[in-house]
Amino acid sequence: MKTKKIVFLSLTVLLLLAVGLTGCGGSNKSAESAKPSASASTPATESASSSAEESPSAEAGPTLAGDFEVQYCVGGYGDSWQKSMVKQFKEKYPDVNIIESAGPKINDQMKPRWIQGDPPDLVFIDCAGGLDVLQSIKDGQLMDLTDWLKTAQNVDGELISDLLIAPAEDFGGKNYTIPFVFGSWGTFYDQALFREKNWEVPTDFDSFLAVSEKIKASGMEPYVHTGVHTGYFTGGFLFPAIVSANGDDPAILKDMADLKEGVFKSEPVMKALQQIVTLRDKGFIDKASGALNHTDSQIQFVQHKDAFIPNGLWVENEMKQDTPAGFEFGMIPSITQAPGGKYIANPYTSPIAIASKAKNPEAAKAFIQFIYSKKAAIEWAELTGALFNVKVDLNGSKASALSISASKYYSSPDLVVLPAVTNNEDVKKEWENATLALTYGKVTPEEWADRVEKAAAKARAKNKQ
Amino acid sequence: MTTKRKRSLFIASFILPTLVLYSLFIFYPIIRAIYISFFDWSGSSENMNYIGFGNFREMYSDPIIYKAIANDYFLIFWKVIGIMTIACFFAVALTRFRMRGASFYRVVFFFPNVLSIVVIAVLWRFIYNPSLGLLNDILSLIVQREVEIPWLGDSRYSLWALLPPAIWAGIGFFMILLIAAIKSIPASLYESAEIDGAKQWKQFTKITIPLIWEQVKVSIVLIVITSLNGSFAIVSVMTEGGPDNATQVLGYYLYQMGFKQYHMGYASAIGVFILVLSLITTAILQRLMKRDTVEVS
């Protein structure tokens, strides 16, 4: 009897211990989930060693010291450029302790810090899950850089605002962000194929229709896009078309971003939508498009199922593995202008920003002055194959051929470079949905305009709150 | 230590860990979601603006919500019919028809359950691919001309196209559930029915169905609940709610609102709505499927 009791008791104790331990495990987890900032940032944070020599920097720049935290994601552009910049910056300002919060998922990992009001000093807004610029400005998370940017010079003494290809975006007269990547949407085709078939590369909408007719007759589909991410089609086709129809005046894009009443019903927009209708009615848009995500559509394109695709400059790099030998990427900035009209280059950019609650804004500003130099821009082009948002001559550098030829485009007078605009996400989603519906004939241009105007009205009401 | 105390201690040792974990990972998030649903919050800043029932009022006037509800119930309805019919058929075939290789088929039919739903969705994306996909290739062979139907890109087919993968992925689990139920029915019942001259169909409707009704009920409720919460994965991989919201479901709309359009408050309100909807649906289903329980005595 007694032994039985002892056994029972010891079992109970064991169980209780187990309970206690599980409980502990649970509460540990709760502590973690309540305060994930510490645990989330540690694995990705790398602190550059602060054991540099005491000697003051050669230039008589401002004396900078203390911790300086920079957040950047490791995505399509890799991180070798940022690593190199940090290293060089460190050499120049040895008293600054640079904390790099970086990684492929850094946007998610840093989110709790932004929510808690403990953001890093400088942030590269890029990759999935990055800050929504408009929302962050509304929430007061980004520093107003308007006045600083007017006079800010880079390390070589050049005015930064003069160097930018795409100027800092205007948010109600203020600047909060500076674009750092510069790329362009456009219409891509295979130069080798066009030579072989003797097709003319289109220079305007009429010649585009003419060559599409030939392509269709040859049994190939002329134009494919990704219906799952309609932003490629609006970026490469619709927006340039709207600006062309507006007499090459890009101000209309700003009006669209500002959700001005009636802008989505205005004549330039309706004209551009009519061009989509033309494409659709002639059967030039591959019917498959609606079902394709970006990879699917790009595969169709490199496999010569389709002749044209709206895309970004990164496409050559992205499809390297799947591109058949002999394929030569060619890019036309826009195909929607009237004969004799100017090309429209619609840029895509990713911006950099300083947090309004930055603890070391001076270092953040110095870092911006450091990276917006021609030397850094060349290094970016060589390391990432993309363009940095600084006007620089890439000839003789190791940048990719597409980048070099694209960088030449942007200094040409026959080309209108559109400003970078950030659009309201709700309204953007609605016009993307409506645009896809338009390519299938599910809505008319008038219905498109009504839908988007309605979404804009709703967003306007929300902004007033 | 009194016996009573020991007893409660013993019981507590079983209940407490579960309770703690349950509260932490299920109950707290639900409460938190309800709390957030009363705020206008982007999900990435300190600013949370209390707006009471504002998010719910907005949902009331949001046409996409209605579309998503309709799509959700469309999927649920056809999934219940599809999965239950096929699972029932397989279960009966594998237990009652004394066919050869039954265990082989059991494994084969269960196989999709082992795969992640994401893998299944990616697989079916390839099958549906308009110009490179298997389905259009087969159709082209049959009709002797090139078929290029964009299954996932045309709002006429896209929602229907989500059904086969969803059903295919669901059959195995419920088939196993029903097999177990059928196997627990005493063989003597079938024998006497056979002697009385009852054919397979009679046996199925008069013996099998009444005796496995409990399991059928559980299966249907499970399908309904998992569909309301779980259509997200398949929609996210296959269509992202497109084209033009044709395949939008509440689960994906929640994600889109919260993480792509930065309305975390609104997303939480949708989450609360899904919770309420699941509760109501389950209650109604329990009512509808109430039957006198038949027990083997």
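Bear in mind that the values here come from a model prediction, so they are computed numbers and not experimental data.

Chemist: What is the right way to look at the confidence of the model for chain B in this model?
Modeler: A low pLDDT score tells you not to read the predicted coordinates there in detail. Scored by pLDDT, chain B comes out at a mean of 90, with 98% of its residues at no less than 70. Here helix α4 (residues 102-114) of chain B stands out as the element of chain B with the lowest mean pLDDT, 86, in contrast to helix α3 (residues 63-96) of chain B, whose mean of 93 is the highest.

Chemist: Would you take a moment to explain unusual backbone geometry for this structure?
Modeler: Leaving glycine aside, a negative phi is the common case for residues, and trans is the common case for peptide bonds. All names here are of chain B. One non-glycine residue, Gln-144, lies in the positive phi region at around 65°. You can see Gln-144 is positioned in the loop between α6 (134-143) and α7 (158-183). In the Ramachandran plot, Glu-240 falls in the positive-phi region, its phi being about 55° despite a non-glycine side chain. Relative to the helices and strands, Glu-240 is located in the loop between α9 (200-238) and α10 (250-260).

Chemist: Explanation requested: the side chain of Gln-256 of chain B in the structure shown.
Modeler: Looking at where Gln-256 of chain B falls in the secondary structure, it is placed in helix α10. When residues no more than four places from it in sequence are discounted, the contact partners of Gln-256 of chain B are Lys-429 of chain A together with Gln-248 and Gln-261 of chain B.

Chemist: Whenever I open this one, the confidence of the model for chain A confuses me. Can you help?
Modeler: Residues and elements named next belong to chain A. Confidence in the prediction of chain A, expressed as mean pLDDT, is 83, and 86% of residues score 70 or more. At the level of individual helices and strands, chain A shows its lowest average pLDDT in helix α2 (residues 36-44), which scores 38, and its highest in helix α12 (residues 267-281), which scores 95. Note that residues 13-60 has pLDDT below 50 and, in this model, 43 contacts with residues that lie over four places away or in other chains.

Chemist: Would you mind showing me how to read the interface of chain A and chain B here?
Modeler: How large an interface is tends to be reported as the accessible area lost when its parts come together. If you look at the interface, chain A gives 49 residues, while chain B gives 40 residues. Taken over both partners, the interface formed by chain A and chain B buries close to 3,800 Å², and the fraction arising from carbon and sulfur atoms is 56%. Summed over the shared surface of chain A and chain B, the result is 6 salt bridges. Residue Glu-58 of chain B pairs with Lys-462 of chain A through a salt bridge whose shortest N-O separation is 3.0 Å. At the junction of chain A and chain B, the tally comes to 15 residue pairs in polar contact (both at pLDDT 80 or more). For the side of chain A that touches chain B, the secondary-structure elements that each account for two or more residues are α1 (2-34), α4 (106-115), α5 (133-138), α13 (294-302), α18 (425-439) and α19 (445-464) of chain A. The biggest single contributor to the side of chain A that touches chain B is α1 of chain A, with 9 residues. For the side of chain A that touches chain B, the per-class residue count stands at 16 nonpolar, 15 polar and 18 charged.

Chemist: Can you help me understand the side chain of Lys-365 of chain A in this one?
Modeler: All names here are of chain A. Mapped onto the secondary structure, Lys-365 falls in helix α15 (residues 361-371). Lacking a salt bridge, the buried Lys-365 has Glu-362 as its closest oppositely charged neighbour, with an N-O distance of 4.4 Å. When near neighbours in sequence (up to four residues on either side) are disregarded, Lys-365 contacts Met-143, Trp-148 and Ile-354.

Chemist: For this particular structure, what's the right way to read the state of the cysteines?
Modeler: What we call a disulfide is simply a covalent bond connecting the sulfur atoms of a pair of cysteines. Residue and element names in this part refer to chain A. Using the criterion set out here, one finds 1 disulfide over all chains in the structure. Each disulfide pairs two cysteine sulfurs, and for Cys-73 the partner residue is Cys-127, the sulfurs being separated by 1.9 Å. Residues Cys-73 and Cys-127 share a disulfide whose torsion about the S-S bond is about 70°; that sign makes it right-handed. Here the residue Cys-73 occupies a position in strand β2 (residues 66-73), and Cys-127 occupies one in the loop between β4 (122-124) and α5, the gap between them amounting to 54 residues.

What counts as what
Residues numbered from 1 in each chain as written. Chains lettered and ligands numbered in written order. Predicted model: local features only at pLDDT ≥ 70, side-chain atom pairs only at ≥ 80, totals over all residues. Heavy atoms only, no water. pLDDT = per-residue confidence, 0-100. Helix = DSSP H or I, 4+ residues; strand = E, 2+ residues; numbered from the N terminus. Contact = heavy atoms within 4.5 Å. Buried area = accessible area lost by both parts, 1.4 Å probe. Salt bridge = Lys/Arg side-chain N within 4 Å of Asp/Glu carboxyl O. Polar contact = N/O pair within 3.5 Å; in protein donor to acceptor, adjacent residues only side chain to side chain. Nonpolar A, V, L, I, M, F, W, Y, C, P; charged D, E, K, R; others polar. Buried < 20%, exposed > 50% of the residue type's maximum accessible area, 1.4 Å probe, protein only. Lys, Arg positive; Asp, Glu negative; His and termini not counted. Disulfide = S-S within 2.5 Å.

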